[in-house]
Each structure stands twice: as C-alpha cells, then as structure tokens.
Amino acid sequence: MRLTDDERRMRDGEQGEAVQAAMDLLIRYGEVLGAERLVETDNVCGANIFGPRQMQLCGHAGPDAVFSEFSLDSPKPVEITPMRAQSYQLIGPMDTQHWQVQGLSQEAHDAIEESESYSARHGIHLMNTCTPYQVGNVPVKGEHCAWMESSAVVYVNSVLGARTNVEGRESAAAAMLTGRIPYWGYHLAENRFGSHLVEVAEPVRSSLDWGLLGYYVGELVQEGVPVLDGITEVPNLVKLKHFGAAAASSGGVEMYHIPGTTVEARSVEEAFGPRRPVQTLRYGERERRQTYEQLNHTARDTDVDLVMIGCPHATLSQIRDVCRLVQGRKVHADSALWVFTPRAIRQVAEQNGYAQILRDAGALLMSDTCPAIGQFLPKGTRVIATDSAKQVHYLPAIMKVQGWFGSTTECVESALTGRWQGELR
Amino acid sequence: MTATGSTITLHGRGLVGGVAEGEALVTRDSISGWGGIEPTGGRIIESRHELAGQSFRDRILVFPGAKGSSGWSGMFHMSRLAGSAPKAMIFNYMNTKIALGVVVTRVPAVTDLDQDPLDVIETGDWVCVDADNGLVVVTRGGRPQTGAVPRQRLDGGKP
C-alpha cells in the first residue's frame, strides 16, 4: 500500500506507540483488502467501551492494555494518546441510569463507568447510540467517514451520501488515532452504483412495511447495492432507519438507492450509472408474507414477557407514538415495555413529559444500550416482541428467546395485554 | 467426486501468513460475527444458519464470507483470546468485515482460489492451508493415514 510521508512517520513511531500500532493495523487491514492507499477522515464512530470480561482476558493489566488488545489488535500494551480525529462512541453495554434493571453487578457497572471516562479523557464523544445521525453527527455528501454499526453505515451512505465502509472495532479505533482509513469499497465513487433492481409491486407505507422490505432485499442481494423502483410514498427517517437496519441484518447491504429520495440518484438510470443490474427482483404480496413468516419463525407462545421498541434507537417521534398508545393505561403485570433511545433524546423526552407518561404506564425509557448489545432481559423472559426486524433477527439467537415481529401498535398492545395478537395486515 | 485419501491443490491469495492443517467445516451460508457466533466456544448461533449449534474451534472454516453486524472482527478477536478460533479461514467474498476479521484472528487465511472451495471441500476433509504461498491442499475423507501431507504439496511442488 502506498503511504504518504505523514503516514510513514506514523508507521515509524514518530507520533508515539499508539499511533504506530494503529498505523500497523491499518496497513495489515488495507493490504488484505487490496487497498492502494489510505484516505483522510475526521469523522469516526467506534465502540471502545470495555467491561469486566475484556479486563479479565487482558489479565487486569489496566485500560491502556485493554484498549491496545481489543481496539488496536496490539498484544503489546501501549500508552494510548488522545484521538486525532473527531471520534464518537456508538451504542454500548450499559444504561447509566437503569443499569440495575439490566442486572449488572456493581463491579461491572464500575468497570464500564471507568471505561467511559477513559474514552472521554482520550477525546471520544460519549454519544452512546447506534444512531449518531439523529443526535448531531450528520455527515454531508462526499464526506469520508470511518463508521462501525451496520445500520448507521447504510443510513449515512445511502440517505446522506457520506462515504464509509462498515468498519470494525479495531479499524475504527485506528482511524481515531491516525485520521486515516483504507481507501477502498464505498469510499470510491465507482463502487456506489446499483447492482440489483428491486421492482416494488406492493405498497410500502408503514415502518413495518419498510422493515419487511429491507429484510427481504438484504437476504437476496447480500452485499449488493439494491435500487428500489416503485416506491410511491416518500418515507422518513424512522422508516429508512428500519429499512437499512433490516437489510444490513439479513444481508450485508451498506448502500442502496431510492431514486428521487436518496441523495445520489434522481432516477433509476442515475442509480445504476455505467452498471447494468445483475438481477431484477420483484417484491409483491407473496414475498412480503414470506418475509413476515421468516421474521416470526422463532415465535410460538403468545404470552409476551418483554416488548422492545427502539432498534435502532428510537426517535422522539417514535417515543411520542408509544406515549399515545400507553397514556392512561398500564403495562400488564406479567409483561414489560422497554423503549431505547439516545441519551440526548431521553433528555428531551423528560422535558416534553414523555418520560413521565412512560413511567406512569409502568414502561421504561432506556438509553445508551439495547438488550442485544448489553445481553440483558427481564428475569425469566421467554418471549419478546419488537417492531424491529433487526432486533428480532438477533435477539432470539443471542438470548435464546422466542421473538415476535409486528407493528409498533401491535407490540405496545401486547405489552398492555400481555398477549401477542399480531397478524400481517 | 474424488476418492477418499486423494488430494486436490487449490491456488489463491494468502492474506494472513502461516501454515495450519485440520478438519474442514464447510458452509454455503455467510457467517455473522456479532449475534452470529458465541466466541467462548466458537459456536455458530444464528438460528437459521445451516451450521447452527456447531463449533469452528480448531477446524478449518470454509465459507462464502462475512455478513451482518460491524462487530464481526470483535467477536472473532474474542474467540482467539478465548482459544476458540478456527485454525484457518478459507472464503470467497472480500469485504471489510472479513478483512479485519482475519487480521485480528491472526490465523492463516486464503481467498481468490482458482476453484470454488465450497465445491471442492467437504466437511470432514483434511485441509492444509499454506497462506504464505496461497495454497490449500485438500485430502478427501479426513486425516491422511500416513502422517501429514507431503511437504512438496504445500509449496506447490517446488524443490
């Protein structure tokens, strides 16, 4: 890989051992990819929070050693210097307010809290969300970024026209320290054109519709760049958040086009540019139903123990919608309703009285984490319900529970009645 | 299909150096890291995966590539530290998840092979991966009776 003089100096250790280890990792990674060079970035989203498990695997050698191993793949502990690029912490393992509900021990809480403060001291912004694009990190078209979190990557690439691949913990941390990332994949204009044409023959209106379409598309195009033709209603942030998260879970979609809506294509022709579709898919009533059944394939029992809303993290609009459904009612004694949102939005939800409405109904407004990332559920949970195709894809596998997928209304109703009564409408 | 004990050599691009041999675990399903594997036991946990419940620990993992969450590398990194990583990885489709994943798992890895490894290799075959030279030697039906595969097979017959 071709390095600039500045990058060679980083590699040779002139800016310290941490930057050297970071550059070493980027070079090894870039060469496996076949990248010709690195590109500068000043917008990095990563995940560096560690807990007792990582501490233990590093022999309790301290936070620099844990960061060296887990965030830089450096078995040799190096002293971590301040991050060079603007750096943001994504979703993490703990809600600092409701950590006891998560079942975390005092020891785990203290370790995670110390890790957060360590990150902050090194210049990492503690956004603690999978949706940085709704709380102040909104990249512009053409901006080279290095982001983890597949649902956020597909959103900023497609909807906003930012340029990033799906990075991992180690590459993102290396980008934070160096301000560099391999110039490969979606950083190059020629890789951003469409690969598959999806003829959407079924109306796609609700968030549930968008989740179903995303899950279907991801499964079939895998790593491709789908182009949706036939969308008749302009979606919004919530719907595209669900669509991208689903497509990045069933497959590996990192970029898509909705001509006329997303930023890089005004027409189907522009979406494909010089490419021709390798395949044309048709999404109709049958495909929609099959996808719904796939998403519900782990669920059998209709007694719902937990309803989870907010994957990816809920917007203020979603919180308001849940509030309208629960206002004046109570979550069933045998069920729980947890809503997840970024910390900053929880603050606004407090100001607006939404948080109080949820508390009055016996629901919980959580931030910074989610059941899949933090691996926690109410004690004895066997059945969950969620309006997120992504969460129902992952949570049954990770936590060995049954998972129902349905609309937000069906999910919230099931928390209020304790029974699942969803069906595809 | 070739007979038990016969060998086939594939040529490709070595990504992370080193030599390893072991029993193949083959899947035509892409693998999710975070939410798809349990790193302590090296087990596939994705509920609809054809290898659900099986462990890649100490085996040669042969698969199309990586999909899903950006936590891919982190989970395989963790499997290495827990002693549950695969012995080597052979795959077809390059992306950032698998690239970073093989770097941090620090096991021999090969891609861009001249025949599709998913067609050639079956679960239970004995596979030697020489990532320094981009070679994969497959012995049908399990570990050869007479010790390891002859050295010249691993370096492509060079003296």
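None of these values were measured; they are calculated from a predicted model. (Residues numbered from 1 in each chain as written. Chains lettered and ligands numbered in written order. Predicted model: local features only at pLDDT ≥ 70, side-chain atom pairs only at ≥ 80, totals over all residues. Heavy atoms only, no water.)

A. Structural context of the overall build of chain A. Scanning chain A from terminus to terminus reveals 17 helices and 14 strands. Expected size for 425 residues packed as a compact globule is a radius of gyration near 22 Å; at 22 Å, chain A falls within 12% of this value. By its C-alpha atoms, chain A is 65 × 55 × 35 Å across when sized along the principal axes. Put simply, of all contacts in chain A between residues at least 6 apart along the chain, 76% involve residues at least 24 apart. Element-wise, carbon and sulfur atoms account for 47% of the exposed surface of chain A, whose accessible area totals about 15,800 Å². Of the charged side chains in chain A, 39 are positive and 52 negative, and the gap between their average positions amounts to 3 Å. (Helix = DSSP H or I, 4+ residues; strand = E, 2+ residues; numbered from the N terminus. Rg over C-alpha atoms; globule rule 2.2 N^0.38 Å. Contact = heavy atoms within 4.5 Å. Areas by Shrake-Rupley, 256 points an atom, 1.4 Å probe, with all protein chains shown as cover. Lys, Arg positive; Asp, Glu negative; His and termini not counted. Charge placed at Lys NZ, Arg CZ, Asp CG, Glu CD.)

B. Inspection of the overall build of chain B at higher detail. In terms of regular secondary structure, chain B is built from 4 helices and 12 strands. Counting only residues that meet the buried cut, chain B has 62% of its 159 residues in that class. Sequence-distant contacts, at least 24 apart, represent 67% of the contacts inside chain B between residues at least 6 apart. About 5,800 Å² of surface is accessible on chain B, with carbon and sulfur atoms providing 47% of the total. (Buried < 20%, exposed > 50% of the residue type's maximum accessible area, 1.4 Å probe, protein only.)

C. Fine view of the interface of chain A and chain B. Counting residues at the interface gives 43 residues for chain A and 34 residues for chain B. Between chain A and chain B the total buried area reaches about 3,100 Å² when both faces are included, carbon and sulfur atoms providing 58% of it. It is Val 32, Glu 170 and Tyr 394 of chain A in chain A that bury the most area against chain B; as a group they hold 18% of the surface buried on that side. Of the charged contacts in the structure, one is a salt bridge between Glu 69 of chain A and Arg 80 of chain B, with a shortest N-O distance of 3.2 Å. (Buried area = accessible area lost by both parts, 1.4 Å probe. Salt bridge = Lys/Arg side-chain N within 4 Å of Asp/Glu carboxyl O.)

D. The arrangement of the UniProt feature "domain: Phosphomevalonate dehydratase large subunit-like" (unreviewed entry) in chain A in detail. Here the UniProt feature "domain: Phosphomevalonate dehydratase large subunit-like" (unreviewed entry) sits at residues 1-413 of chain A. Annotation note: span residues 1-413 of chain A, helix share 41%, strand share 13%, distance between end C-alpha atoms 56 Å. (UniProt positions renumbered as here; feature names shortened; annotations may be inferred.)

E. Structural detail: helix H11 (residues 285-295) of chain A. Residue and element names in this part refer to chain A. When we look at burial in H11, the residues that qualify are Glu 287, Arg 288, Thr 291, Tyr 292 and Leu 295. Across the axial projection of H11, the buried residues extend over an arc of 135°, all falling on one side. Elements in contact with the buried residues of H11: helix H8 (207-221), strand E9 (279-283), helix H16 (389-399) and strand E14 (402-405). (Arc of directions from axis to C-beta.)

F. Main features of the nonpolar core. The biggest cluster of nonpolar side chains holds 157 residues, and the ones touching the most others in it are Leu 72, Leu 213, Leu 228, Ile 319, Val 326 and Leu 337 of chain A. A total of 11 residues in this core trace back to one element, the largest contributor, which is helix H2 (residues 17-33) of chain A. Apart from the residues lying within four places of it in its own chain, the contact partners of Leu 213 of chain A are Val 200, Val 204, Leu 228, Ile 231, Phe 243 and Tyr 283 of chain A. Counting residues in each nonpolar core, the second largest holds 19 residues, with Ile 8, Ile 60, Ile 90 and Val 129 of chain B among its members. (Core = buried A, V, L, I, M, F, W, Y, C linked by side-chain atoms within 4.5 Å.)

G. Summary view of unusual backbone geometry. Residue and element names in this part refer to chain A. At the junction of Cys 311 and Pro 312, the peptide bond is cis and its omega measures out at -15° in the coordinates. Mapped onto the elements of the fold, Pro 312 is located in the loop between strand E10 (306-309) and helix H12 (316-326). If you check the backbone angles, Asn 128 has positive phi at about 50° while not being a glycine. On the secondary structure map, Asn 128 appears in the loop between strand E4 (124-125) and strand E5 (146-147). A positive phi is found at Lys 400, a non-glycine position, where the angle reads about 55°. Tracing the sequence through the fold places Lys 400 in the loop between H16 and E14.

H. Quick peek at the side chain of Lys 239 of chain A. All names here are of chain A. For Lys 239, the position within the fold is in helix H9 (residues 237-250). We note that Lys 239 is buried and unpaired, the nearest opposite charge coming from Glu 233 at a distance of 4.9 Å. Non-local contacts of Lys 239, meaning those with residues more than four positions away in its chain, are made with Arg 205, Ser 206, Ser 207 and Trp 210.

I. Structural view of the pattern of salt bridges. Counting across every chain of the model gives 37 salt bridges over all chains. Between Arg 180 of chain A and Glu 7 of chain A there is a salt bridge whose closest N-O contact spans 2.6 Å. Taken together, the positions of Arg 180 of chain A in strand E6 (residues 180-182) and Glu 7 of chain A in helix H1 (residues 5-11) put the pair 173 residues apart, joining distant regions of the chain. There is no split in this pair, since Arg 180 of chain A and Glu 7 of chain A are both buried. A salt bridge links Asp 73 of chain A to Arg 106 of chain B, with the shortest nitrogen-to-oxygen separation between them at 3.1 Å.

J. Broad picture of the domain arrangement of chain A. All names here are of chain A. Here chain A is described as being made up of domain 1 (5-183), domain 2 (193-294) and domain 3 (297-417). Between the C-alpha centres of domain 1 and domain 2 the distance comes to 30 Å. Listed per partner, the contact involves 15 residues of domain 1 and 13 residues of domain 2. Here domain 1 is connected to domain 2 by 0 salt bridges. (Domains from an automatic or database assignment.)

K. Seen up close, the packing of H8 of chain A against H11 of chain A. Residue and element names in this part refer to chain A. One way to put it is that H8 packs onto H11 with a least axis distance of 9 Å and a crossing angle of 90°. The angle between the axes of H8 and H11 places the two elements in the roughly perpendicular class. Along the contact surface, H8 presents Leu 208, Asp 209, Leu 212, Tyr 215, Tyr 216 and Glu 219, while H11 presents Glu 287, Arg 288, Thr 291, Tyr 292, Gln 294 and Leu 295. Partitioning the contact of H8 with H11 into residue classes produces 6 nonpolar, 2 polar and 4 charged. (Axes fitted to C-alpha atoms, helices over the stretch in contact; angles between N-to-C directions. Parallel < 35°, antiparallel > 145°, perpendicular 65-115°, else oblique. Nonpolar A, V, L, I, M, F, W, Y, C, P; charged D, E, K, R; others polar.)

L. The packing of aromatic side chains, seen in detail. This structure, assessed with the given rule, holds 15 aromatic pairs over all chains. Taken together, a centroid distance of 6.3 Å and an interplanar angle of 75° make the contact between Trp 338 of chain A and Phe 340 of chain A edge-to-face. Between Trp 72 of chain B and Phe 76 of chain B the ring centres are 4.0 Å apart and the planes differ by 10°, which places this aromatic pair in the stacked class. Of this pair, Trp 72 of chain B and Phe 76 of chain B are both found in helix H1 (residues 72-81), 4 residues apart, which corresponds to roughly one turn of the helix. (Phe/Tyr/Trp six-rings, centres within 6.5 Å; stacked < 30°, edge-to-face > 60°.)

M. Here's a closer look at the environment of Ser 47 of chain B. Along the chain, the position of Ser 47 of chain B falls in the loop between strand E6 (43-44) and strand E7 (60-63). Setting aside its immediate chain neighbours within four residues, Ser 47 of chain B contacts His 297, Thr 298 and Ala 397 of chain A together with Ala 52 of chain B.

N. Representation of the side chain of Gln 102 of chain A. All names here are of chain A. Here Gln 102 lies in the loop between strand E3 (87-89) and helix H5 (106-121). At 2.7 Å, the side chain of Gln 102 forms a polar contact with the backbone nitrogen of Asp 95. The residues contacting Gln 102, other than those within four sequence positions of it, are Pro 93, Met 94, Asp 95, Met 366, Thr 369 and Phe 376. (Polar contact = N/O pair within 3.5 Å; in protein donor to acceptor, adjacent residues only side chain to side chain.)

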